[in-house]
Amino acid sequence: MRMAHEWLAQKFFDLHGLAIFRMVAKHGSFTKAAAEAGLTQSAVTRQIQGIERALGVELLKRTTR
């Protein structure tokens, strides 16, 4: 079985996307993260979806509240 760090080392990882993810986690809100980043909420959503697709996991539990 391969170690997680070996798997991650073989994947392309976007540092901009990681910064956006950090903002979403910090604020608990896509909208607030978008405001901090100077982006639209939909652009932030697409960034997070791209990371989730690349990793094959859901990173955030989305709710309407």
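This text follows the structure it describes.
Just so we're clear, the structure is a prediction, and the values are computed from it rather than from any experiment. (Residues numbered from 1 in each chain as written. Predicted model: local features only at pLDDT ≥ 70, side-chain atom pairs only at ≥ 80, totals over all residues. Heavy atoms only, no water.)

Taken as a whole, this structure holds two salt bridges when the rule is applied. Linking glutamate 36 and lysine 26 is a salt bridge whose minimum nitrogen-to-oxygen distance equals 3.4 Å. A residue pair is termed long-range when its members are at least 10 positions apart, and glutamate 36 in helix α3 (residues 30–37) and lysine 26 in helix α2 (residues 15–27) qualify at ten residues. The salt bridge involving arginine 62 is made with glutamate 52; its shortest N-O contact spans 2.9 Å. Taken together, the positions of arginine 62 in the segment after α4 (41–55) and glutamate 52 in helix α4 put the pair ten residues apart, joining distant regions of the chain. (Salt bridge = Lys/Arg side-chain N within 4 Å of Asp/Glu carboxyl O. Helix = DSSP H or I, 4+ residues; strand = E, 2+ residues; numbered from the N terminus.)

Secondary-structure assignment places serine 29 in the loop between α2 and α3. In this structure serine 29 comes out as buried when scored by relative accessible area, which is 18%. Separated by 3.2 Å, the side chain of serine 29 and the backbone nitrogen of threonine 31 make a polar contact. (Buried < 20%, exposed > 50% of the residue type's maximum accessible area, 1.4 Å probe, protein only. Polar contact = N/O pair within 3.5 Å; in protein donor to acceptor, adjacent residues only side chain to side chain.)

This part is about the nonpolar core. Counting residues in each nonpolar core, the largest one holds nine residues, listed as Ile20, Met23, Val24, Phe30, Ala33, Ala34, Val44, Ile48 and Leu60. Among the secondary structure elements, those contributing two or more residues to this core are α2, α3 and α4. Not counting residues up to four positions away in its chain, the partners in contact with isoleucine 48 are Ile20, Phe21, Val24, Phe30, Leu60 and Arg62. (Core = buried A, V, L, I, M, F, W, Y, C linked by side-chain atoms within 4.5 Å. Contact = heavy atoms within 4.5 Å.)

What follows is about the packing of α2 against α3. Packed helices, taken two at a time, are described by the angle their axes make and the gap between the axes. Running from N to C, α2 and α3 point in directions that differ by 130°, and their axes come no closer than 8 Å. Here α3 runs oblique to α2, going by the angle between their axes. You can see that α2 and α3 cross each other, and the crossing is right-handed. Every residue of α3 that contacts α2 at Ile20, Met23, Val24, Lys26 and His27 is listed here: Phe30, Lys32, Ala33, Glu36 and Ala37. (Axes fitted to C-alpha atoms, helices over the stretch in contact; angles between N-to-C directions. Parallel < 35°, antiparallel > 145°, perpendicular 65-115°, else oblique. Left-handed = near helix turned anticlockwise from the far one by under 90°.)

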